[in-house]
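Understanding the architecture of this molecule
If you want the building blocks of each chain, they are given just below.
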Amino acid sequence: MEKLGLFPNSERQYTVLALGSHPDDIELGCGGTLMRMRAELGDRLSLWYVVFSCGSRDGRFPCQNERGAEARDAARTLGVREEQCRVFTSPVTFFPDFCGEIKKEMVKLRDEIGDATITHIFTHHRHDQHQDHRVIAENTWRTFRNHLILEYEVSKYEGDLESPNLYVDLGGATEDGTPEHERYALQKVELLQKCFPSRDRVRADGLASGTRSHLWWDERLFLGHMRLRGVESNNIYAEAFHARKM
């Protein structure tokens, strides 16, 4: 396996755009990788965090106040500056009906950030079976024509995971150089649990009522998915991506 560095130039600035359909998508798909990038690049990383729904079917209270606030909290934890965090209000599960409006927002973001400035884009997998995820992935490729686009994975009921071709080791090292093979994987789980308490509440309510809602929101799944990708890449924990053009 060829091992490549995420950052080929140790001197330059990197501008990373992370795109997600809903609050917690970015964290589930590439949260550990973004944490590693932040730790290794520090101030040389400019991170844009963009979510196209606040988690509501109509974009109104209570989700805009709760899940939108959770997304912003997670963005702050990832080191995103306030002016580089955007949470839009497209209605959940209806993204195909708003495809044109979503692309217009992406074009505005591209122009605001600077087309030539962006070095990495994280987005949903183009074969994701969730219609909202797929719209974001397709519009990413329509909008950004000359960029490194890495499509992340989200485990869910549809069972649509495929074989990725790029892996990021979520281990790190202490200041004295001692390996920490679980460093960013554990930080990712902590981020998910700390910043998205509404998910825990919905899961608990679902178990209590017998509706089995949000059973996927579980530390065992978070770690299990990363552990599987770690095995595939000869690491302990990893996140995996579909890199179509490099």
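Read on for a plain summary of the structure. Note that this is a predicted model, so its numbers are computed, not measured.

Some details on a positive patch on the surface
Taken together, Lys103, Arg126, Arg145 and Lys245 make up a surface patch of like positive charges. Looking at the element boundaries, Arg145 is found in the loop between α4 (131-143) and β5 (148-152). We classify Arg145 as exposed; its relative accessible area is 70%.

Describing the pattern of salt bridges
The tally for this structure, following the rule as stated, stands at 19 salt bridges. In this structure, the salt-bridge partner of Arg67 is Asp24, at a minimum N-O distance of 3.1 Å. Taken together, the residues span a long stretch of sequence, with Arg67 in helix α2 (residues 63-77) and Asp24 in the loop between β1 (14-20) and α1 (25-41) at a distance of 43 residues. By relative accessible area, which is 10% here, Arg67 ends up buried.

Topic: the nonpolar core
In terms of nonpolar packing, the biggest core is built from 44 residues, with Ile26, Leu34, Leu47, Tyr49, Leu78, Phe122 and Phe241 touching the most fellow members. It is α1 that contributes the most residues to this core, 7 residues altogether. Dropping the residues within four chain positions of it, Tyr49 is found in contact with Ala18, Ile26, Glu27, Ala71, Ala74, Ala75, Leu78, Val80, Gln84, Cys85 and Arg86. Among the nonpolar cores identified, the runner-up in size contains 17 residues, and Leu19, Ile113, Val135 and Trp141 belong to it.

What about the pairing of strand β6 (residues 166-169)?
Residues Leu166 and Val168 line the buried face of β6, whereas the alternating positions Tyr167 and Asp169 sit on a face that is not buried. Pairing of β6 with strand β9 (residues 238-242) involves 4 bridges; the strand directions are antiparallel. Considered in β9, the bridge of Leu166 is made with Phe241.

Some thoughts on helix α7 (residues 219-232)
Between the first and last C-alpha of α7 there are 20 Å, a value that for 14 residues agrees with the 20 Å anticipated at 1.5 Å per step. Three or more residues of α7 are buried, namely Phe222, Leu223, His225, Met226, Arg229 and Gly230. The arc that holds every buried residue of α7, seen down its axis, measures 160 degrees, which confines them to one face. Those residues of α7 that are exposed and angled more than 90 degrees off the buried face are Arg220 and Val231. The elements touched by buried residues of α7 are α1, β6, α5 (183-195) and β9. Capping the start of α7, Asp218 holds a side-chain oxygen 2.7 Å from the backbone nitrogen of Arg220, two or three residues further along. Phi turns positive one or two residues past the end of α7, at Asn234, with a value near 60 degrees.

How each quantity is defined
Residues numbered from 1 in each chain as written. Predicted model: local features only at pLDDT ≥ 70, side-chain atom pairs only at ≥ 80, totals over all residues. Heavy atoms only, no water. Patch = residues over 30% accessible without salt bridge, like charges linked within 9 Å, V, L, I, M, F, W, Y side chains within 5 Å. Areas by Shrake-Rupley, 256 points an atom, 1.4 Å probe, with all protein chains shown as cover. Salt bridge = Lys/Arg side-chain N within 4 Å of Asp/Glu carboxyl O. Lys, Arg positive; Asp, Glu negative; His and termini not counted. Charge placed at Lys NZ, Arg CZ, Asp CG, Glu CD. Helix = DSSP H or I, 4+ residues; strand = E, 2+ residues; numbered from the N terminus. Buried < 20%, exposed > 50% of the residue type's maximum accessible area, 1.4 Å probe, protein only. Core = buried A, V, L, I, M, F, W, Y, C linked by side-chain atoms within 4.5 Å. Contact = heavy atoms within 4.5 Å. Pairing = 2+ DSSP bridges. Expected span 1.5 Å × (residues − 1). Arc of directions from axis to C-beta. Polar contact = N/O pair within 3.5 Å; in protein donor to acceptor, adjacent residues only side chain to side chain.

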